[in-house]
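Okay, here's what each chain looks like letter by letter:
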Amino acid sequence: MASVMEREKQTTILPPSAPLVGRVTPPGSKSITNRVLLLAALAKGTSRITGALKSLDTKLMAEALRQMGVTVDEPDETSFIVTSTGRLAAPAAPLYLGNAGTAMRFLTAAVALVDGTVIVDGDAHMRKRPIGPLVSSLRAFGIDCSDADGYPPVTMHGHGHFGSGRVEIDGGLSSQYVSALLMAAACGTGTVEVALTGSDIGARGYVDLTVAAMRAFGARVEQSGDAAWRIEPTGYRATDFHVEPDASAATYLWAAEVLTGGSIDIGVAAGAFTQPDAKAYDVIAQFPNLPAVIDGSQMQDAIPTIAVLAAFNNHPVRFVGIANLRVKECDRVAAVATELSRIRPGLGTEDGDDLIVASDPALAGQVLPTRIETYSDHRIAMSFALAGLKIGGITILDPGCVAKTYPAYWQALQSLGVELDPVMGRM
Ligand SMILES: O=C(O)C1=C[C@@H](OP(=O)(O)O)[C@@H](O)[C@H](O)C1
Ligand SMILES: C=C(OP(=O)(O)O)C(=O)O
């Protein structure tokens, strides 16, 4: 066994000798938790959020809201109780959002509702993730804000309201820009129209998720045509809200099930999710005959999962529509190609913005000692752990990075009978 000193630095997966069988419920959805935390903060009164995700990304959102005078209580492991005046107060210090894309983007628009100056910042990774299109769109709408050459930190000089009229946004790099504007727009002085310009948004399902959450908190938002939304200045109404489990987290369990020929009950049917990544279920279910070409544009966070699965497929797989993966927690196109090829040279290659996984069913059962670099990216850690279910010697470096969205991930694998060296607790 590895020494205590090494515990936080790595963990090695021992391929299970039997199919994985058991019950694991994924944690609450990150996307939905961070939407409803913000909407509850913009509503006057008390909202009880149950089934919520408690992880780095949602704790950073909750902390930022507290800095702006909102009371966010945490009575148990899966609930937040949010009490607000419906207004966000100017914080005494910059808001620090780590590498939480949802928190960074959603708050960049929402802090326009503050009467005063707010700095919205993240960690070194976030400072490389573009915010320029959102900031330019806010500026063109008449909101006084600036960024650092298209990247965080953002400095906002808010006037206590969002204004009214038409705000245009290029959501080509991130759908989160569109969601951010939509959520802030219900706190306008009049009707706001949010209109897409430029390239279409990749994962539209996330915008649908935003609209659904807004409606649950009393907003009136209607889609006009394919590329615009009209939002009435209703503000938000405090509401009790139950968050569904995280579909991206579910992809690791679905993949573990098909890879080991097991049976993992995640407590919710794939068809019951409202999040876009649930589309991955139908793809994963086709293993070991995954489609030869997979369009990842509508299930982006599931692509590292499916790419690792593809390594054991019966034939190669080309992933298309995944250029946005280059601006996630790390450049996931490069990271997946590099780390697959660390397992076996040529297993993953980049072709423009596409990813090609060569696939080799004979990998299963081999011992190929490999140290997987995770680039502080939870999804690289969680997806490459799947390779360790079939190949001996897979070591995941910095396993604690799963804390971003799935702090109990290693515990979940262990509860299904997977042995880890060292044994891992909650991150
Ligand atoms: O709106 C959301 O909750 C999310 C949108 C997606 O990001 P982009 O819109 O940047 O593609 C996704 O990758 C992210 O994990 C969550
Ligand atoms: C891209 C992701 O996160 P975010 O953009 O919210 O940081 C993710 O969770 O895979």
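Taking an unreviewed UniProt entry as the reference, the protein is identified by name as 3-phosphoshikimate 1-carboxyvinyltransferase belonging to Kaistia dalseonensis. The UniProt entry for the protein carries the following text under Subunit (unreviewed entry): "Monomer." If you open the UniProt record of the protein and go to Pathway (unreviewed entry), you find "Metabolic intermediate biosynthesis; chorismate biosynthesis; chorismate from D-erythrose 4-phosphate and phosphoenolpyruvate: step 6/7."

Draft legend 1. Quick look at the sheet that holds strand 22 (residues 392-397). Ordered in space as 21-22-1-23, the four strands form an open sheet in which the pairing is mixed. Unpaired on one side and paired on the other, strand 21 (367-372) and strand 23 (419-421) mark the two borders of the sheet. If you compare each strand with its neighbour and ignore which way they point, the axes differ by 20 degrees on average. As paired elements, strand 21 and strand 22 share four bridges and run parallel to each other. Bridge assignment links threonine 370 to a residue of strand 22, and that residue is isoleucine 394. Strand contacts of helix 10 (residues 332-343): strand 21 and strand 22, with the helix running at about 150 degrees to strand 21, the strand carrying the most contacts.

Draft legend 2. Highlighting the site of ligand 1. Residues in contact with ligand 1, as listed here, are Lys30, Ser31, Arg35, Thr102, Ser174, Ser175, Gln176, Tyr206, Gln300, Asp301 and Lys328. Within the backbone of glutamine 176, a nitrogen or oxygen atom sits 3.1 Å from an oxygen atom of ligand 1. Side-chain polar atom of glutamine 300 to an oxygen atom of ligand 1: 3.1 Å apart, as the coordinates give it. Relative to its unbound accessible surface of 390 Å², ligand 1 loses 96% to contact with the protein. Among the secondary structure elements, those contributing two or more residues to the shell around ligand 1 are helix 1 (30-41) and helix 5 (175-185). The element contributing the most residues to the shell around ligand 1 is helix 1, with three residues. When residues of the shell around ligand 1 are assigned to domains, at least three map to each of domain 1 (4-27 + 245-421) and domain 2 (30-242).

Draft legend 3. Geometry of the environment of proline 407. With respect to the helices, strands and loops of the structure, proline 407 is situated in the loop between strand 22 and helix 12 (409-415). When the C-alpha positions of proline 407 and alanine 180 are compared, they lie 26 Å apart, and in sequence the two are 227 residues distant.

Draft legend 4. Expanded view of the domain arrangement of the protein. When the domains of the protein are assigned, the result is domain 1 (4-27 + 245-421) and domain 2 (30-242). One C-alpha centre belongs to domain 1, the other to domain 2; they are set 30 Å apart. Taken together, the contact between domain 1 and domain 2 spans 22 residues of the former and 22 residues of the latter. When domain 1 packs against domain 2, close to 1,700 Å² is buried across both sides, 50% of that on carbon and sulfur atoms. A per-residue breakdown of the area domain 1 buries against domain 2 is headed by Pro276, Val327 and Lys404, which together make up 32% of the total. On inspection of domain 1 and its partner domain 2, the count reaches one salt bridge. A salt bridge links aspartate 57 to lysine 404; its shortest N-O distance comes to 2.7 Å. Residue composition of the side of domain 1 that touches domain 2, by class: six nonpolar, nine polar and seven charged.

Draft legend 5. Quick look at the UniProt feature "active site" (unreviewed entry) in the protein. Mapped onto this numbering, the UniProt entry annotates "active site" (unreviewed entry) at Asp301. By the element assignment, aspartate 301 lies in the loop between strand 17 (293-295) and helix 9 (303-310). Assessed through its relative accessible area of 9%, aspartate 301 is described here as buried.

Definitions and limits used
Residues numbered from 1 in each chain as written. Chains lettered and ligands numbered in written order. Predicted model: local features only at pLDDT ≥ 70, side-chain atom pairs only at ≥ 80, totals over all residues. Heavy atoms only, no water. UniProt positions renumbered as here; feature names shortened; annotations may be inferred. Pairing = 2+ DSSP bridges. Helix = DSSP H or I, 4+ residues; strand = E, 2+ residues; numbered from the N terminus. Axes fitted to C-alpha atoms, helices over the stretch in contact; angles between N-to-C directions. Contact = heavy atoms within 4.5 Å. Near = heavy atom within 4 Å. Polar contact = N/O pair within 3.5 Å; in protein donor to acceptor, adjacent residues only side chain to side chain. Areas by Shrake-Rupley, 256 points an atom, 1.4 Å probe, with all protein chains shown as cover. Domains from an automatic or database assignment. Buried area = accessible area lost by both parts, 1.4 Å probe. Salt bridge = Lys/Arg side-chain N within 4 Å of Asp/Glu carboxyl O. Nonpolar A, V, L, I, M, F, W, Y, C, P; charged D, E, K, R; others polar. Buried < 20%, exposed > 50% of the residue type's maximum accessible area, 1.4 Å probe, protein only.

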